[in-house]
Amino acid sequence: MLQEKSRAQNHTKPYSEQHIGTTHLHRQYRTDLRQLSEKDYNKFVTLNTVRDWSQLSWSNVGKPYEVEASAKERLEWEATNSRDMDPHTSWTLFNKSFHEWFIKDVPKEIGNSKHHFLKSLRTFKPAEVKQALGEVIQLQLWNYIHRVQDGIWDPRGKRALFEGLHLTRPRILFLGAAEGYEAMQLGAMYPGAEIVMVDYDEYCKTTRFKDFPDSYPFLGENPRTGHPAVYYKDDLNIEYVVEDIRNLDFNKEFDIVLSVGLLEHFPDEYKHEVADWHRRFLKPGGYAIMTTPRNQVRSRLYYRIMADVMNHTYRELMTVEQMGLYMYENGFDILRHGYIKVHNGLVCQPR
Ligand SMILES: C[S@@+](CC[C@H](N)C(=O)[O-])C[C@H]1O[C@@H](n2cnc3c(N)ncnc32)[C@H](O)[C@@H]1O
């Protein structure tokens, strides 16, 4: 009986402290329990390049790059409805589309797509060949960026950004939480955390978060010993609220307010409102932590190739200087800033 229980546990929680330092490639994603060596740190993490934020201005740093290619689904919706797609509908379509990629058995799908492509060549129909080739390229790109490089979750980069905040049992609010990955990583690093995830797309709670693999290990800390420890989704204290951020009525009760990929979806006239969301629910001395996608050639290419998967909403790619300046001029001090694999990151506090 006991043996059966421990076998079942090994199946749902396959990693433990003995696996710290290892990384494993699964069919849908990579797990990574490696701590950053100094060499890797220097390769993947660049922190604190700006000395004095008061010296930056928009004429120095320029404005973000706006991603123009739209998802076909959005264009078709707008043609049918004769109006621009509203943000809530855009997010609903985005979340569904993005989630379908996270659950792909990537090696199997790559095999299928190659087979499909070869078959399309025999039809001599350029449109079919083009579509089949597009699928091969998208899958190869997803395989490389998400599964092999782990660029989207990037646990080592995120840990480098989140570490050293000296918080005990923090309350964490995740705005626009989607599947909730980064709050879970933070929760593992700051044990005893109470996490509140908020997203107004119900599918994020009922599918993206619910189906996030129970067997995915987060590297964190054992509060008793201070040594590294492995946590899973169900070890963490998480409440998921389906609500518009604008309707939240929390007090200033959170030690950390977090967002990942939120600020860049709002044109400049709304940036102050997004900054305010990060201030409104923070305890005095609390931290706002944010990341946004970097403006780099490979990211521009990614959003072009993956347009049908990703581009349902307004989106900018920015530099960390631009991101920091938005927050600085909206009343935040920037405590830590930098870039990791594909995102910029900030840790800041209201002035
Ligand atoms: C780009 S996603 C975050 C990126 C995420 N890591 C992912 O994998 O999709 C932004 C999330 O914010 C949510 N969101 C946007 N505006 C919101 C609002 N006003 N209230 C609540 N959630 C919002 C969207 O539904 C979406 O799930």
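In the annotation of an unreviewed UniProt entry, the entry for the protein chain reads Methyltransferase domain-containing protein, and the organism field reads Halobacillus alkaliphilus.

Asks: Please explain the overall build of the protein chain as it appears in this structure.
Replies: Each helix and strand in the protein chain was counted, giving 14 helices and 14 strands. Its C-alpha atoms give the protein chain a radius of gyration of 21 Å, near enough to 20 Å, the size a compact globule of 351 residues would have. Over its C-alpha atoms, taken along the principal directions, the protein chain stretches across nearly 65 × 65 × 40 Å. Counting across all 351 residues of the protein chain, residues that qualify as buried make up 36%. Across the protein chain, every contact between residues at least 6 apart in sequence was considered, and the portion connecting residues at least 24 apart equals 71%.

Asks: Got a minute to help me understand the domain arrangement of the protein chain in this structure?
Replies: For interface size, the figure often reported is the accessible area lost on association. What the domain assignment reports for the protein chain is domain 1 (41-66 + 154-350) and domain 2 (105-149). Put simply, the middle of domain 1 and the middle of domain 2, counted by C-alpha atoms, are 32 Å apart. With four residues of domain 1 at the interface, the matching set in domain 2 holds five residues. For the side of domain 1 that touches domain 2, the class distribution of residues is three nonpolar, no polar and one charged.

Asks: It is not clear to me how the site of the ligand should be interpreted in this structure. Could you clarify?
Replies: Around the ligand, the structure places 17 residues, and the nearest of them are Trp91, Gly176, Ala178, Tyr200 and Gly261. Within the residue set of the shell around the ligand, elements represented by two or more residues are helix H5 (87-102) and strand E6 (194-199). The greatest single-element share of the shell around the ligand, amounting to three residues, is contributed by H5. Taken together, the residues of the shell around the ligand sort by class into nine nonpolar, three polar and five charged.

Asks: Looking at this structure, how should I read the packing of helix H8 (residues 155-162) against helix H9 (residues 181-189)?
Replies: Two numbers describe a pair of packed helices, the interaxial angle and the distance between the axes. Taken N-terminus to C-terminus, the directions of H8 and H9 make an angle of 60°; their axes are 10 Å apart at the nearest point. Taken as axis vectors, H8 and H9 run oblique relative to one another. Our pair here, H8 against H9, has a crossing hand that is right-handed. From H8, Pro155, Lys158, Arg159 and Phe162 reach across to H9, where they touch Glu182, Gln185, Leu186 and Met189.

Asks: It is not clear to me how the nonpolar core should be interpreted in this structure. Could you clarify?
Replies: Nonpolar side chains tend to gather and get buried jointly when the protein is soluble and globular. Residues Ile172, Leu173, Phe174 and Leu258 are the most contacted members of the largest nonpolar core, which totals 67 residues. Residues in contact with Leu173, not counting those within four places in the same chain, are Val196, Val198, Phe254, Val257, Leu258 and Phe281.

Asks: Help me out: how do you make sense of the sheet that holds strand E5 (residues 171-175) in this one?
Replies: The strands making up a sheet are joined through hydrogen bonds of the backbone, oriented either antiparallel or parallel. The mixed open sheet is built from eight strands, whose spatial order is E3-E13-E14-E11-E10-E5-E6-E9. Each having just a single partner strand, strand E3 (46-47) and strand E9 (237-242) make up the two edges of the open sheet. Of the strand pairs in this sheet, strand E13 (residues 332-339) and strand E14 (residues 343-350) are connected by seven bridges, and their pairing is antiparallel. Its bridge partner lying in E14, Arg336 is registered against Val347. Packing of helix H14 (residues 320-329) onto the sheet brings it into contact with strand E11 (282-293), E13 and E14, and relative to E13 it is tilted by some 165°.

Asks: Sorry, what's going on with unusual backbone geometry here?
Replies: Among all residues except glycine, the phi angle is most often negative; among peptide bonds, the trans geometry is most common. The phi angle at Ser82 is positive, at roughly 50°, despite the residue not being glycine. Position of Ser82 among the secondary structure elements: in the loop between helix H4 (72-81) and H5. Owing to 6 C-beta atoms within 10 Å, Ser82 belongs among the exposed residues under this scheme. Even without being glycine, Arg169 reaches a positive phi, approximately 40°. Inspection of the secondary structure assignment puts Arg169 in the loop between H8 and E5.

Asks: Whenever I open this one, the pairing of E13 confuses me. Can you help?
Replies: As defined by bridge partners, E3 adjoins E13 across two bridges and the pair is classed as antiparallel. Across the sheet, Leu47 pairs through a bridge with Gly338, a residue of E13.

Asks: How do you make sense of the environment of Asp32 when you look at a structure like this?
Replies: Topologically, Asp32 is positioned in strand E2 (residues 30-32). Between the alpha carbons of Asp32 and Ala275 there is a distance of 32 Å; along the sequence they are 243 residues apart. Sequence-distant contacts of Asp32, that is, excluding residues within four places in its chain, are made with Thr23, Asp150, Pro155 and Arg156.

Asks: Please explain the environment of Phe44 as it appears in this structure.
Replies: Position of Phe44 among the secondary structure elements: in helix H2 (residues 38-44). In sequence terms Phe44 and Thr206 are 162 residues apart; their C-alpha atoms lie 33 Å from each other. Apart from residues no more than four positions distant in its own chain, Phe44 is found in contact with Arg156, Gly157, Ile340 and Lys341.

Asks: Help me understand the pairing of strand E7 (residues 218-221) in this model?
Replies: Looking down a regular strand, the side chains alternate between one sheet face and the other. In terms of strand pairing, E7 meets strand E8 (residues 228-231) through four bridges, oriented antiparallel. Each bridged residue has a counterpart across the sheet, and for Gly220 the counterpart in E8 is Ala229. Here E7 folds back onto E8 in antiparallel fashion, the turn holding six residues, of which Gly226 has a positive phi close to 80°.

Asks: I keep staring at H5 and nothing clicks. Help me out?
Replies: Taking 1.5 Å of rise per residue, the 16 residues of H5 would be expected to cover 22 Å, and the 22 Å separating its terminal C-alpha atoms lies within 8% of that figure. Of the residues making up H5, those classed as buried are Ser90, Trp91, Phe94 and Asn95. Along the long axis of H5, the arc covered by the buried residues comes to 130°, so they all point the same way. Contact partners of the buried residues in H5: H4 and helix H10 (202-209).

Rules of the game
- Numbers given to residues run from 1 along each chain, matching the order in which its sequence is written.
- Given that this is a predicted model, residues contribute local features only at a pLDDT of at least 70 and side-chain atom pairs are listed and counted only at 80 or more, while totals for whole chains, interfaces and linings are drawn from all residues.
- Helix and strand labels come from DSSP, where a helix needs a run of H or I of at least four residues and a strand needs a run of E of at least two; each type is numbered from the N terminus.
- Restricting the calculation to C-alpha atoms gives the radius of gyration, and the globule rule supplies 2.2 Å times the number of residues raised to the power 0.38.
- Field definition: a residue is buried when 20 or more other C-beta atoms are found within 10 Å of its C-beta, exposed when 12 or fewer are, and partly exposed for counts in between, with C-beta atoms placed from the backbone.
- It is the C-beta atoms, placed from the backbone, that decide contacts: two residues are in contact if theirs lie within 7 Å.
- Reported domain spans reflect what an automatic or database domain assignment gives.
- Gly is put with the polar residues, along with every residue not named as nonpolar or charged; the nonpolar set is Ala, Val, Leu, Ile, Met, Phe, Trp, Tyr, Cys and Pro, and the charged set is Asp, Glu, Lys and Arg.
- Residue proximity rests on one test: whether the C-beta atom, placed from the backbone, lies within 6 Å of the molecule or strand.
- Between N-to-C directions, angles cover 0 to 180 degrees, with each direction set by a line fitted to C-alpha atoms, over the stretch in contact for helices.
- For classification purposes, angles smaller than 35 degrees are called roughly parallel, those larger than 145 roughly antiparallel, those between 65 and 115 roughly perpendicular, and all remaining angles oblique.
- Two helices cross in a left-handed way if the nearer one is turned anticlockwise from the farther one by less than a right angle. They cross in a right-handed way if the turn is clockwise.
- We define a nonpolar core as a collection of buried residues of the types Ala, Val, Leu, Ile, Met, Phe, Trp, Tyr and Cys that are connected via C-beta atoms lying within 7 Å of each other.
- At least two bridges found by DSSP between two strands are what make those strands a pair.
- Helix span, expected: 1.5 Å multiplied by one less than the number of residues in the helix.
- Throughout, the arc means that of the directions going from the helix axis to the C-beta atoms.

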